[in-house]
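# Examination of the molecular architecture
This is what each chain is made of:
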Amino acid sequence: MNLQDFIHSIEIGTGRSWLFRASLAGAAVLLVLVYMASQFRGLGHVESMDAAQIARNIASGQGYTTDVIRPLAIWQLQRWEQRDEKQTKVIIHPIDPFRFPDTLNPPVYPHLLAGLFAITFQDYSFTLGNFQSSEAFGPEKAMAGLGILCTLGSALLVWLIAKELFDSRVAFLATVLFWTTDLVWRTAISGLSSPLITLLLTASAWCLVLASRGQTLGHGTGRMLLWIALAGVLQGLMALTSYTWFWLWPATTALAFAMLRPRWVCAGVFLGAAIAVAAPWCLRNVMLTGNPLGLAGFYPGMTTGPFPGDSLFSQLRPDFFPLTLRPLLKKWMLHLRYFSDHWSALAGSALAVSFFVGSWFHVFKKEIVDPLKWWVAGGTLLVLLGSCFGLLPEMDPTLKELDPVREGNTLIVWCPLFCLYGAVMLWLLVDRLNFQWDILKNLVVTGAVLLHIIPMLLTWMPPREWPVKFPPYYPTMLFLSGHWMDEERIIATDLPAATAWYGGRTSLLLPIDIPTFFEINDFVMPDRIQSLLFTPASRDAKFSTEIQTGRYRGWETLVTQRAIPPIFPFQHATFLPPLNGYYYMSDMPRWMKPFRVEDLSKKK
């Protein structure tokens with residue numbers, strides 16, 4: 001090819017399209033680099049740290065075990081072990097805290113993280129004192145990288161679905177809307193499983209589109225059923241990433257029944273594939289705990305009147321008598337009201353959601369578009385109603401303000417499909433305005449996109465936030481509080497996932513009260529608990545409703561530092577920086593113990 005042919009290709013030939021694609025790829029890479037450099041501050045959520053410490057155990061050959069021990073998990077496991085015995089009361093006996101099976105978290109995300117840690121050769125070590133920058137902990141950057149890859153994969157699938165259902169201009173606009181949603185990128189670098197669920201959801205939607213296309217083109221029943229089965233596998237993996245997504249199965253089964261032929265076969269193939277994926281793990285939980293969801297089966301009882309905050313998980317001998325239907329319905333209604341009040345913040349894009357709702361009143365010509373639209377609407381509603389029984393953003397004990405970047409935020413997972421229908425409705429509206437020049441149409445669409453990206457632009461503006469997510473997480477202190485202890489010792493704390501991840505020590509969730517702590521310390525894990533750490537999660541709690549009468553009422557004297565009971569095993573205490581936000585108690589002044597930094601760079 002000579003120079004003239006090359007220039008011709010760039011101007012009007014195939015080179016122009018490739019140059020456009022290269023520009024888009026460059027813009028995506030630049031966005032990723034800028035967002036990581038300016039916004040990544042490490043992990044800041046209990047769920048991400050919990051998944052990370054389980055993944056570390058899997059990668060190091062310890063199996064699906066956890067370094068976070070919750071008193072209720074002890075009771076649940078031992079109650080099921082004693083199910084055939086005649087006593088009415090569970091007899092609590094000693095456990096091995098260093099081989100404790102996890103029954104709270106679904107398996108897909110921790111196993112994926114374990115594989116990521118293995119292939120990137122993470123050694124879980126870091127340089128002490130560097131936590132004033134986000135360059136400290138390699139595994140956390142790997143988790144953020146995984147979230148970004150999942151987000152880019154979702155964007156690619158949005159492009160493919162929009163190109164199949166509509167045209168290239170709708171595909172481009174839908175991808176741009178999704179790419180420039182600030183909440184999408186905040187979630188991508190959070191270390192949560194939401195980007196993975198988003199990718200699985202978008203991939204299952206693509207499979208449904210391909211199944212419908214195969215039926216329309218007469219490709220044969222076998223190929224169509226293959227795509228339906230793949231959609232079932234993907235949604236089975238979604239349910240094993242977050243149990244909330246079991247609620248999506250009825251919507252997809254109804255879609256397969258209504259849209260595809262033969263109806264019963266297609267619906268049965270989807271449901272059978274999804275059940276085949278999820279059933280082995282549910283059976284494992286039944287064998288360990290008697291509940292197919294394990295400890296997560298108690299989520300409906302959390303954040304209710306009888307069990308405020310995470311107090312249900314902190315009970316060794318729970319009394320479920322006050323947990324009647326009334327507090328459960330009250331919780332469900334309060335959470336539903338929360339979603340109703342904050343839907344625009346939780347969905348990421350008010351523009352896309354508004355135009356998606358507008359698509360309900362438009363009938364599309366293509367056969368699959370309307371059924372897929374109602375699947376998105378029905379699936380969103382079902383998952384939303386189901387998630388109201390679980391933990392939601394404002395219910396997390398570490399948060400004092402609204403943060404939509406949460407595991408319980410299911411609306412952000414639907415953002416790619418909201419952007420898809422939002423893009424097509426925006427173009428339909430612009431086309432019906434009958435502008436004389438196409439440039440005016442492009443200006444209107446560009447203006448809408450600029451309004452959409454305002455939250456992302458404001459994110460990059462000053463003032464800059466702390467390079468770590470304090471309060472309540474200050475990794476240096478969480479790291480030291482664990483490594484001040486002897487090997488194979490346990491720390492009790494109100495943020496056990498954080499001390500397990502950063503401190504590298506098995507951590508006990510702060511029991512409901514001091515007598516329960518004594519029972520665990522004396523009979524369940526004798527001579528194992530060596531320290532107690534109160535973080536800003538408890539020290540910043542509301543004095544009247546949370547410390548005196550709520551979650552921490554059994555620890556009021558210690559949370560408020562009024563007095564240490566004479567019989568309490570930890571008579572030595574100190575405040576730790578920053579801002580004296582941590583209160584550390586131990587059997588001796590371990591913070592004065594000399595150590596070598598290189599010794600602290602190793603996990604237990």
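Here, every reference points to the structure presented above.
Reference entry: report on the structure contained in this document. (Residues numbered from 1 in each chain as written. Predicted model: local features only at pLDDT ≥ 70, side-chain atom pairs only at ≥ 80, totals over all residues. Heavy atoms only, no water.)

## Notes on empty space enclosed by the protein
As enumerated under the stated definition, the model contains five cavities of 30 Å³ or more in all. Computed from the structure, the second largest cavity encloses a volume of approximately 80 Å³. Around the second largest cavity, the lining residues are Thr-151, Ser-154, Phe-178, Val-184, Thr-187, Ala-188, Pro-195, Thr-198 and Ile-412. Those elements that provide at least two residues to the lining of the second largest cavity are α6 (138-165), α8 (182-188) and α9 (194-217). (1 Å grid on protein atoms, 1.4 Å probe; cavity = no way out; pocket = protein on both sides within 12 Å on 5 of 7 lines; lining within 4 Å. Points joined across faces, edges and corners; volume = space filled by probe spheres on them. Helix = DSSP H or I, 4+ residues; strand = E, 2+ residues; numbered from the N terminus.)

## Overview of helix α18 (residues 438-452)
Between the first and last C-alpha of α18 there are 21 Å, a value that for 15 residues agrees with the 21 Å anticipated at 1.5 Å per step. Restricting attention to buried positions, one finds in α18 the residues Lys-441, Val-445, Ala-448, Val-449 and His-452. For α18, the angular spread of the buried residues around the axis is 100 degrees, confining them to a single face. Pointing more than 90 degrees away from the buried face of α18 are the exposed residues Ile-439, Leu-443 and Leu-451. Those residues of α18 that are buried lie in contact with α7 (168-179), α15 (350-358), α17 (415-432) and α19 (454-459). (Expected span 1.5 Å × (residues − 1). Buried < 20%, exposed > 50% of the residue type's maximum accessible area, 1.4 Å probe, protein only. Arc of directions from axis to C-beta. Contact = heavy atoms within 4.5 Å.)

## Some remarks on the sheet that holds strand β6 (residues 582-586)
One open sheet accounts for six strands, arranged β1-β3-β2-β4-β6-β5; its pairing is mixed. If you trace the sheet from one side to the other, it starts and ends with β1 (68-69) and β5 (572-576), each paired once. Packed on one face of the sheet, helix α20 (residues 475-483) meets β2 (490-493), β4 (529-534), β5 and β6 and runs near 5 degrees to β6. Across the sheet, helix α21 (residues 496-503) is in contact with β1, β2, β3 (507-509) and β4; its angle to β3 comes to roughly 170 degrees. (Pairing = 2+ DSSP bridges. Axes fitted to C-alpha atoms, helices over the stretch in contact; angles between N-to-C directions.)

## Quick word on the side chain of Ser-212
Take Ser-212: it is sitting in helix α9. Classification of Ser-212 as buried rests on a relative accessible area of 2%. Discounting chain neighbours no more than four positions away, the residues touching Ser-212 are Met-259, Leu-260 and Ile-368.

## Here we look at the packing of helix α16 (residues 369-387) against α17
Contact geometry for α16 and α17: axes closest at 11 Å, N-to-C directions at 135 degrees. Considering the angle they form, α16 stands oblique to α17. Once α16 is placed against α17, the crossing between them reads as left-handed. Residue-level inspection shows Val-369, Leu-372, Lys-373, Trp-375, Val-376 and Thr-380 of α16 in contact with α17, the latter providing Leu-417, Phe-418 and Tyr-421. (Parallel < 35°, antiparallel > 145°, perpendicular 65-115°, else oblique. Left-handed = near helix turned anticlockwise from the far one by under 90°.)

## Focus: unusual backbone geometry
In this structure, the amide linkage connecting Phe-470 to the following residue, Pro-471, adopts the cis form with an omega of -10 degrees. Residue position: Pro-471 is located in the loop between α19 and α20. The omega torsion of the bond from Pro-471 to Pro-472 falls at 5 degrees, within 30 degrees of zero and hence cis. The residue Pro-472 is located in the loop between α19 and α20 in this model. At Asp-527, a position not held by glycine, the phi torsion is positive, near 60 degrees. Structurally, the position occupied by Asp-527 is in the loop between α22 (514-524) and β4. Judged by relative accessible area, Asp-527 falls into the exposed class, the value being 67%. In this model, Gln-561 sits at a positive phi of 60 degrees, which is unusual for a non-glycine residue. Here Gln-561 lies in the loop between α25 (556-559) and β5.

## Details of the nonpolar core
Proteins that are soluble and globular tend to have nonpolar side chains buried together. Grouped together as the largest cluster of nonpolar side chains are 185 residues, with contacts concentrated most on Trp-375, Leu-532 and Trp-555. Not counting residues within four places of it along the chain, the set of residues in contact with Trp-375 comprises Leu-201, Ser-204, Ala-205, Leu-208, Gln-235, Leu-248, Ala-251, Thr-252, Leu-255, Thr-380, Trp-414 and Leu-417. (Core = buried A, V, L, I, M, F, W, Y, C linked by side-chain atoms within 4.5 Å.)

## Comments concerning the side chain of Thr-252
You can see Thr-252 is positioned in helix α11 (residues 249-259). With relative accessibility at 0%, the residue Thr-252 sits in the buried group. Of the polar contacts made by the side chain of Thr-252, one reaches the side chain of Gln-235; its length is 2.8 Å. (Polar contact = N/O pair within 3.5 Å; in protein donor to acceptor, adjacent residues only side chain to side chain.)

## So, the pattern of salt bridges
For the structure on display, the rule yields 16 salt bridges. A salt bridge links Asp-67 to Arg-56; its shortest N-O distance comes to 3.7 Å. Placement of Asp-67 in the loop between α3 (46-59) and β1 and of Arg-56 in helix α3 is noted, with a sequence separation of 11 residues between them. Beyond isolated ion pairs, a larger network of salt bridges with shared partners links Asp-167, Arg-169, Asp-431 and Lys-441. (Salt bridge = Lys/Arg side-chain N within 4 Å of Asp/Glu carboxyl O.)

## Regarding a nonpolar patch on the surface
Residues Leu-451, Ile-454, Leu-457, Leu-458 and Met-461 make up a contiguous nonpolar surface patch of about 490 Å² in total accessible area. The greatest single-element share of the nonpolar patch, amounting to three residues, is contributed by α19. Inspection of the secondary structure assignment puts Ile-454 in helix α19. In this structure Ile-454 comes out as partly exposed when scored by relative accessible area, which is 38%. (Patch = residues over 30% accessible without salt bridge, like charges linked within 9 Å, V, L, I, M, F, W, Y side chains within 5 Å. Areas by Shrake-Rupley, 256 points an atom, 1.4 Å probe, with all protein chains shown as cover.)

## Looking at the pairing of β4
Within β4, six of the six residues are buried, leaving the element largely enclosed by the surrounding structure. The pairing of β2 with β4 spans four bridges and is classified as parallel. Its bridge partner lying in β4, Ile-491 is registered against Ser-531. Judged from the four bridges that link them, β4 and β6 form a sheet pairing that is antiparallel. Residue pairing across strands places Leu-532 opposite Met-585, the latter belonging to β6.

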